[in-house]
Amino acid sequence: MASKEPLSIVIDQVHMKNLEQLKMINNVIFPLKFPDQLYKDCLAAEDTALLAYHNDVVVGGIASRCEKLPGSPGKAALYIATVAVLAPYRGYSIGRRLLDKVLDWAKGDSNIEEAYCHVQVNNEDSLDFFKKAGFEVRETIKDYYKKLTPSDAIVLYKKL
């Protein structure tokens, strides 16, 4: 998708008063419902979940969390669960600005070594989005999505 001139947006952290807006954005964009634990994780850590507003209307959001890196005591990874932008607002760099803000936060923590995400194998727009942001393919997981077709996911990662 060709980038358009960036829109003026305000980025805000997710908190109790706007958590429902993140849930709404995710429910509109994604073909599956995310577990409540994702949203609890969003409230537990500052700067890992953000909303983007244009003219006081929520137009996008990102939900991520820190996870321990197996086999690396004291080290963590930033798991990006969702990056969602309403269709009319795509192409204005909103998703990229949300992603960059979360990645910048993670880079400020010396314990966070990488960021990663799962993308459905047929979601070319999301694969392109993450690759343009410097993410690389790590692996494909068969039958990752239990309620989607195709069910395979590509794991993308970026060293921080």
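Conventions adopted
- Residues numbered from 1 in each chain as written.
- Predicted model: local features only at pLDDT ≥ 70, side-chain atom pairs only at ≥ 80, totals over all residues.
- Heavy atoms only, no water.
- Salt bridge = Lys/Arg side-chain N within 4 Å of Asp/Glu carboxyl O.
- Helix = DSSP H or I, 4+ residues; strand = E, 2+ residues; numbered from the N terminus.
- Phe/Tyr/Trp six-rings, centres within 6.5 Å; stacked < 30°, edge-to-face > 60°.
- Buried < 20%, exposed > 50% of the residue type's maximum accessible area, 1.4 Å probe, protein only.
- Lys NZ or Arg CZ within 6 Å of the ring centre and 35° of its normal.
- Arc of directions from axis to C-beta.
- Contact = heavy atoms within 4.5 Å.
- Core = buried A, V, L, I, M, F, W, Y, C linked by side-chain atoms within 4.5 Å.
- Pairing = 2+ DSSP bridges.
- Axes fitted to C-alpha atoms, helices over the stretch in contact; angles between N-to-C directions.

Novice: Can you lay out the pattern of salt bridges for me, pointing to particular residues and giving the numbers?
Specialist: A pair can form between side chains of opposite charge whenever their charged atoms are brought close. Considering all chains together, one arrives at seven salt bridges under this definition. In this structure, the salt-bridge partner of Lys159 is Glu114, at a minimum N-O distance of 3.7 Å. Note that Lys159 is positioned in strand 7 (residues 153-159) and Glu114 in strand 5 (residues 112-120), a separation of 45 residues in sequence. Notably, a salt bridge pairs Lys142 with Asp152, separated by 3.3 Å at the nearest N-O pair. In this pair, Lys142 sits in the loop between strand 6 (136-141) and strand 7 while Asp152 sits in the loop between strand 6 and strand 7, placing the two residues ten residues apart along the sequence. Via salt bridges that share partners, Asp41, Arg65 and Glu67 belong to a single interconnected network.

Novice: Go over the packing of aromatic side chains, please, and point to the residues and values.
Specialist: Under the counting rule described, the total for this entry stands at five aromatic pairs. Aromatic pair Phe129 and Phe130: ring centres 5.1 Å apart, planes at 80°, arrangement edge-to-face. Given the relative accessible area of 22%, Phe129 is considered partly exposed. With a centroid separation of 4.9 Å and 90° between ring planes, the pair formed by Tyr144 and Tyr145 is classed as edge-to-face. Tyr145 sits in the buried class, given a relative accessible area of 14%. Here a set of aromatic residues connected by ring pairs shows up, and it is made of Phe129, Phe130 and Phe135. Note that Arg138 overlies the ring of Tyr157, its terminal NZ or CZ placed 4.1 Å from the centroid.

Novice: Kindly report on helix 2 (residues 36-44), identifying the contributing residues and their values.
Specialist: Those residues of helix 2 not exposed but buried are Leu38, Tyr39 and Cys42. Looking down the long axis of helix 2, one finds its buried residues gathered within 95° of arc, a one-sided arrangement. Opposite the buried face of helix 2, by more than 90 degrees, sit the exposed residues Lys40 and Ala44. Looking at the buried positions of helix 2, the neighbouring elements they touch are helix 1 (19-29), strand 2 (49-54), strand 3 (57-68) and strand 4 (76-85).

Novice: Quick rundown of unusual backbone geometry? Include the residues and the values.
Specialist: Between Thr149 and Pro150 the backbone carries a cis peptide bond, its omega angle lying at -5°. Relative to the helices and strands, Pro150 resides in the loop between strand 6 and strand 7. A positive phi is found at Asn55, a non-glycine position, where the angle reads about 50°. Positive phi is not limited to glycine here, since Asp56 has a value of about 65°.

Novice: An account of the nonpolar core is needed here, citing residue identities and associated values.
Specialist: Counting residues in hydrophobic clusters, the biggest one holds 27 residues, and the most contacted among them are Leu78, Ile80, Ile94, Leu99, Phe130, Phe135 and Leu156. Elements supplying a minimum of two residues to this core: strand 2, strand 3, strand 4, helix 3 (94-107), strand 5, helix 4 (124-132) and strand 7. The leading source of residues in this core is helix 3, at six residues. Those residues within four positions of Ile94 in sequence are excluded, and the remaining contacts are Leu7, Ile9, Ala52, Val59, Val85 and Tyr89. Counting residues in hydrophobic clusters, the runner-up holds 22 residues, among them Val14, Tyr53, Leu69 and Tyr116.

Novice: Tell me about the sheet that holds strand 2, and please be specific about residues and values.
Specialist: With respect to topology, seven strands assemble into an open sheet ordered 1-2-3-4-5-7-6, the strand pairing being mixed. Unpaired on one side and paired on the other, strand 1 (10-13) and strand 6 mark the two borders of the sheet. Strand-to-strand twist in this sheet, taken as the mean axis angle between neighbours without regard to direction, amounts to 25°. The pairing of strand 1 with strand 2 spans four bridges and is antiparallel. Paired with Asp12 across the two strands is Leu51, which belongs to strand 2. On top of the sheet, helix 1 reaches strand 2, strand 3 and strand 4; it is set at about 95° to strand 3, its chief contact.

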